[in-house]
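Survey of secondary and tertiary structure
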Amino acid sequence: MLLEIGDNNEIREYTSIHRSSKITDKTVIGDNNLIMGSCHIAHDCKVGAGHVVVVDYAHTAGAIVVHQFCRIGSFSFIGGGSVVSQDVPKYTMVSGERAELRGLNLEGLRRRGFSTMEVSFWSLHTEWISGSLIVLEEF
């Protein structure tokens, strides 16, 4: 099987999803996703694991591009029109033509039910080093 689409997905108009380019692999879309209009999911992507990994509860705005072999961390946010060429750490926001870290995704964490204590914990365990945001835990 070159393409696997899970259950309870909403795939909107003008979306393209490419099957795997290899007979031994597959493009995978997991369960319970909203794939908004005009999105493109390239061959061999796995929403959950693969060439581009998008971890649970990541939010992407429209017209973004993610380079192959990048990982989008859980509870992160990518601003509209961004070009992502590096991993996006969990809990962070990135945006820009060459996406840059903008800080923690505080509003996204609150909306997903993180407590004030949890948000404070991640604020304390994040440092700005040489102008870059470093999350002090692997995603």
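Because the structure is a prediction, the values reported are computed rather than measured.

This next bit is on the overall build of the protein chain. If you tally the helices and strands in the protein chain, you get two helices and 17 strands. Among the 139 residues that make up the protein chain, the fraction classed as buried is 30%. Counted over contacts in the protein chain with a minimum sequence separation of 6, partners at least 24 positions apart contribute 25%.

With that out of the way, let us pick up the side chain of Asn9. By the element assignment, Asn9 lies in the loop between β1 (3-5) and β2 (10-11). If we ignore the near neighbours within four places in the chain, the residues touching Asn9 are Ile29, Gly30, Asp31, Asn32 and Asn33.

All right, on to the sheet that holds strand β9 (residues 59-60) then. On the basis of which strands lie adjacent, the open sheet formed by four strands has the order β9-β12-β14-β15 and mixed pairing. Strand pairing shows two members of the sheet lacking a second neighbour, β9 and β15 (100-104), which therefore form its edges. Pairing geometry for strand β12 (residues 77-78) and strand β14 (residues 92-95), over two bridges, is parallel. Bridged to Phe77 within β14 is Met93.

So, about the UniProt feature "domain: UDP N-acetylglucosamine O-acyltransferase C-terminal" (unreviewed entry) in the protein chain. Mapped onto this numbering, the UniProt entry annotates "domain: UDP N-acetylglucosamine O-acyltransferase C-terminal" (unreviewed entry) at residues 87-119. Overall, residues 87-119 shows 30% helix and 27% strand. The separation of its end C-alpha atoms is 21 Å.

This paragraph deals with the pattern of salt bridges. For the coordinates displayed, the defined rule picks out seven salt bridges. With a closest N to O distance of 2.8 Å, Asp25 and Lys46 form a salt bridge. Linking Asp25 in the loop between β3 (16-17) and β4 (27-29) with Lys46 in strand β7 (residues 46-47), this pair joins segments that are 21 residues apart in sequence. Across the salt bridge formed by Arg102 and Glu100, the nearest N and O atoms sit 3.8 Å from each other. Looking at Arg102, the relative accessible area reads 43%, which means it is partly exposed.

About the thresholds
Counting from 1, residues in each chain are numbered in the order their sequence is written. Local features are withheld for residues below a pLDDT of 70 in this predicted model, meaning they are given only at 70 or higher, and side-chain atom pairs are given and counted only at 80 or more; totals for whole chains, interfaces and linings count all residues. Derived side-chain values reflect all non-hydrogen atoms in the structure, with water molecules and hydrogen atoms excluded from consideration. Runs of H or I in DSSP of at least four residues are treated as helices and runs of E of at least two as strands, each being numbered from the N terminus. Throughout, exposure labels follow a simple rule: accessible area from a 1.4 Å probe, protein chains only, divided by the maximum for the residue type, with under 20% read as buried, over 50% as exposed, and the rest as partly exposed. Whether two residues are in contact is decided by their heavy atoms: any pair within 4.5 Å suffices. At least two DSSP bridges between two strands are needed for those strands to be called paired. UniProt positions are given in the numbering used here, feature names are shortened, and annotations may be inferred rather than shown by experiment. For salt bridges, the criterion is a side-chain nitrogen of Lys or Arg within 4 Å of an Asp or Glu carboxyl oxygen.

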